[in-house]
Amino acid sequence: YLISSQNTNGSWGSATRTKGLNIYAPIPGAHHAFRTGATGLALHGLLESGDRRPETMAAIAKAESWFLKELPRLRRADLTTTYNVWGHAYALRAFSALHEFREDDPEKQALIRKLAQQQIAKLVRYEDVDGGWGYLDLDSNHTRKPSGLPTSFTTATVLIAMHEARETMGLELPEKEVGRGVRSIQKQRTPDFSYVYSLSHQYRPRYYINRPAGSLARSQVCNAALRYFGDEAVTDDILRTWVERFVTRNGWIDIARKRPVPHETHFANSGYFYYYGFYYATDCIDFLPKDEHAFYYRHLARILLEKQEKDGSWWDYPLYTYHQPYGTGYVLTTLGRARAAFLAGEAP
């Protein structure tokens, strides 16, 4: 699907296929951010899939060329949105995999590292004044440094991308900004390891979206981010509990899948939480002892394989034409990591 749907310039997704209710997207910058995020996830999925057929290699090379040309131009669309944060984060995570993929090309690796370090600098630029990262700035005074609404999951997404860039490419991370991001997520954590939606929600911890059923996907990414950065409260038992909840209570977010109105269903879940949760559940599983990986990966794979569309894609929320590439990228990464665990002998 990804090979057949790739744009001629190497990216994925476009601003077409609108509907009655479209996500707020100031033009043209919001769509540059959406396209960058979708392309980063699609590229990551191709790389993690392990597929090295000629047509896959060509798609990877085209996406790489697009990033090298277009990524330096990514910035916030206007003072009301920082959607670009998602583009910086997912490009950074794709680059970590791409850097490994280009292990026989030191010159290309150097370009990848340079551009990746620029993404970290951009993320420092768009850090919220309260610490952490968000994606909307609708009600604030619209300051030069965003003063909008840092969210637990956006902050965790950024921190995981930064961590992986440091581990795979040896990049330097901004210590102060990382520390503020970690503390922001911790402020948004409740005693049961649910994570509220955003910093302002810390004063409404039992509001529907902030309860365990509303936090099923957020708890995966937030637990993983905090564990990566040394939070000892996120124990193996906490990771197990929340991955198991994600599987056994999957219906609470599955019922939101493909609904066109955000937050309209039980516990204010949205469709776009769905495959996002699987993607970051893999990070949580990988912290656990290797002999436990098979148990959890089999459950994730079983659910995902049943959801594939007839055209080969996966999608969870109608977002112009970005939803199929990003959904497929999320799932290919998840399944690729599951298969890698089996091939490495971590599972019978």
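So, here's what we can say about the structure.

Thresholds, definitions, all that
- Residues numbered from 1 in each chain as written.
- Predicted model: local features only at pLDDT ≥ 70, side-chain atom pairs only at ≥ 80, totals over all residues.
- Heavy atoms only, no water.
- Phe/Tyr/Trp six-rings, centres within 6.5 Å; stacked < 30°, edge-to-face > 60°.
- Helix = DSSP H or I, 4+ residues; strand = E, 2+ residues; numbered from the N terminus.
- Buried < 20%, exposed > 50% of the residue type's maximum accessible area, 1.4 Å probe, protein only.
- Lys NZ or Arg CZ within 6 Å of the ring centre and 35° of its normal.
- Axes fitted to C-alpha atoms, helices over the stretch in contact; angles between N-to-C directions.
- Parallel < 35°, antiparallel > 145°, perpendicular 65-115°, else oblique.
- Left-handed = near helix turned anticlockwise from the far one by under 90°.
- Contact = heavy atoms within 4.5 Å.
- Nonpolar A, V, L, I, M, F, W, Y, C, P; charged D, E, K, R; others polar.
- Core = buried A, V, L, I, M, F, W, Y, C linked by side-chain atoms within 4.5 Å.
- 1 Å grid on protein atoms, 1.4 Å probe; cavity = no way out; pocket = protein on both sides within 12 Å on 5 of 7 lines; lining within 4 Å.
- Points joined across faces, edges and corners; volume = space filled by probe spheres on them.
- Polar contact = N/O pair within 3.5 Å; in protein donor to acceptor, adjacent residues only side chain to side chain.
- Salt bridge = Lys/Arg side-chain N within 4 Å of Asp/Glu carboxyl O.

1. Here's the deal with the packing of aromatic side chains
For step 1, the next point in the chain: If you walk through the whole model with that rule in mind, you get 32 aromatic pairs.
For step 2, the next point in the chain: Arranged with centres 6.4 Å apart and planes meeting at 55°, the rings of Tyr-197 and Phe-273 form a pair that is tilted. Here the residue Tyr-197 occupies a position in the loop between α7 (175-187) and α8 (216-228), and Phe-273 occupies one in the loop between α10 (251-254) and α11 (274-287), the gap between them amounting to 76 residues.
For step 3, the next point in the chain: According to the relative accessible area criterion, Tyr-197 is buried, its value standing at 8%.
For step 4, the next point in the chain: Looking at Arg-245, its charged tip hangs above the ring of Trp-242, at a distance of 4.7 Å from the centre.
For step 5, the next point in the chain: A cation over an aromatic ring shows up here: Arg-257 above the ring of Tyr-274, its NZ or CZ 5.6 Å from the ring centre.

2. Things to note about the packing of helix α4 (residues 84-101) against α11
For step 1, the next point in the chain: As a packed pair, α4 and α11 sit with axes 15 Å apart at the nearest point and diverge in direction by 45°. Our classification of the angle between α4 and α11 gives oblique. Seen along the crossing, α4 lies across α11 with a hand that is left-handed. Residue-level inspection shows Trp-86, Tyr-90 and Arg-93 of α4 in contact with α11, the latter providing Tyr-276, Tyr-279, Tyr-280 and Asp-283.
For step 2, the next point in the chain: Grouping the amino acids of the contact of α4 with α11 by side-chain chemistry returns five nonpolar, no polar and two charged.

3. Structural notes on unusual backbone geometry
For step 1, the next point in the chain: Here the residue pair Ile-27 and Pro-28 is connected by a cis peptide bond, since its omega of -5° sits within 30 degrees of zero.
For step 2, the next point in the chain: Relative to the helices and strands, Pro-28 resides in the loop between α1 (2-5) and α2 (29-49).
For step 3, the next point in the chain: We note that Arg-17 has phi near 55°; this positive angle belongs to a residue other than glycine.
For step 4, the next point in the chain: On the secondary structure map, Arg-17 appears in the loop between α1 and α2.
For step 5, the next point in the chain: Accessibility expressed as a relative area gives 52% for Arg-17, which makes it exposed.

4. Side note on the nonpolar core
For step 1, the next point in the chain: Counting 101 residues, the largest nonpolar core has Phe-95, Met-162 and Tyr-276 as its most contacted members.
For step 2, the next point in the chain: With 10 residues, the single largest contributor to this core is α4.

5. With respect to empty space enclosed by the protein
Here the idea is plain: a probe the size of a water molecule rolls over the atoms and shows the empty space left.
For step 1, the next point in the chain: Within the structure shown, the criterion is met by one cavity of 30 Å³ or more.
For step 2, the next point in the chain: Thr-82, Tyr-126, Asp-128, Gly-134, Tyr-135, Leu-136, Asp-137, Pro-146, Gly-148 and Leu-149 together form the lining of the largest cavity.
For step 3, the next point in the chain: The class makeup of the residues in the lining of the largest cavity is five nonpolar, three polar and two charged.

6. Here's the deal with the side chain of Ser-270
For step 1, the next point in the chain: Along the chain, the position of Ser-270 falls in the loop between α10 and α11.
For step 2, the next point in the chain: A relative accessible area of 0% places Ser-270 in the buried class.
For step 3, the next point in the chain: One polar contact links the side chain of Ser-270 to the main-chain amide nitrogen of His-263, over a distance of 2.7 Å.

7. Notes on the pattern of salt bridges
For step 1, the next point in the chain: In total, this model carries 22 salt bridges according to the counting rule given.
For step 2, the next point in the chain: Each of Glu-48, Arg-93, Glu-164, Asp-283 and Arg-337 takes part in salt bridges that share partners, so that together they form one network.

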